[in-house]
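# Overview (structure and organization)
Each chain, written out:
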Amino acid sequence: MSSVMSSSLTGVGMTSQRTRNRLISLLKKNHIKNDKVLNVMSEMPRHLFVDEALSSRAYENISLPIGHGQTISQPYMVALMTELLLEGSHVNKILEVGTGSGYQTAILSKLVPTVYSVERIKPLLNRAREKFRQLRLNNILTSYSDGGWGWPNKAPFDAIIVTAAPETLPASLLGQLADGGKLIIPMGKKGEQELFLFHRLGDKYHKKTIEKVSFVPLLKGKID
Ligand code: SAH
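Residues numbered from 1 in each chain as written. Predicted model: local features only at pLDDT ≥ 70, side-chain atom pairs only at ≥ 80, totals over all residues. Heavy atoms only, no water.

### Focus on the packing of aromatic side chains
- Inspection of every chain in the model, using the stated rule, returns 3 aromatic pairs.
- Relative to Tyr 103, the ring of Phe 49 has its centre 5.8 Å away and its plane inclined at 65°; by these criteria the two rings are edge-to-face. Here Phe 49, found in the loop between helix H3 (35–43) and strand E1 (64–67), pairs with Tyr 103, found in helix H5 (residues 103–109); they are 54 residues apart in sequence, far enough to count as distant.
- The buried category is assigned to Tyr 103, whose relative accessible area is 1%.
- With a centroid separation of 5.3 Å and 85° between ring planes, the pair formed by Tyr 116 and Trp 151 is classed as edge-to-face. Here Tyr 116, found in strand E4 (residues 114–119), pairs with Trp 151, found in the loop between strand E5 (140–144) and strand E6 (157–162); they are 35 residues apart in sequence, far enough to count as distant. Each member of the pair Tyr 116 and Trp 151 is classed as buried.
- Ring pairs connect the aromatic residues Tyr 116, Trp 151 and Phe 157, which therefore count as one cluster.
- The lysine or arginine in question, Arg 46, covers the ring of Tyr 103, its NZ or CZ lying 5.5 Å from the ring centre.
- The ring centre of Phe 196 lies 4.6 Å from the NZ or CZ of Lys 207, which sits over that ring. (Phe/Tyr/Trp six-rings, centres within 6.5 Å; stacked < 30°, edge-to-face > 60°. Helix = DSSP H or I, 4+ residues; strand = E, 2+ residues; numbered from the N terminus. Buried < 20%, exposed > 50% of the residue type's maximum accessible area, 1.4 Å probe, protein only. Lys NZ or Arg CZ within 6 Å of the ring centre and 35° of its normal.)

Okay, structure coming up:
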């Protein structure tokens, strides 16, 4: 690895380990408990997933613009959704709908053996793919498609995470869960969204409401 690359990974000043540790303390205060999740988040260079002009804000607990009207998710939300999916189950294979910056995908790739991720905006997906190469995250498979349909020919998944909010549950997603699998998804109209956790046990799906959230909308079709 070149020294330029390693210093950009390690970070300085507002991207340094000290700044990252402050974010981890805040996540702990907000009741994120899974040490594996916290460790991975303290090591992941979130500043590489945002525009350079925003890198000094990369370790604040906020979502940030990534272009095309989309945002990189708030670190607390990434931690919460990841923790809920991993809690009490062994996840071998996960599907993410909405790659966006690739930050959530990268976090998952350090915790789950195989990560599938779909994105409907081509330039965002290409940028994320470049990050995965740069960081040598070789267990991520991506697809340029409308993830409202999931990724049927790679199903079933032990977990599905949706990082954009539909108004109602896309029917195709539940059917792609393995028995015992979990789906975490924000749903509802702008300003009225809530995060839901579905747990499949045999032919039954248990639904739990987690908390109020604010995500960009899940949209149909693809953009070149
Ligand atoms: N996990 C991402 C979140 C990005 S915002 C991150 O932390 O960076 C949500 C993303 O979902 C956007 O990139 C948006 O283009 C994408 N998205 C919205 N509807 C989608 C759909 N139907 N299929 C695939 N991706 C979708």
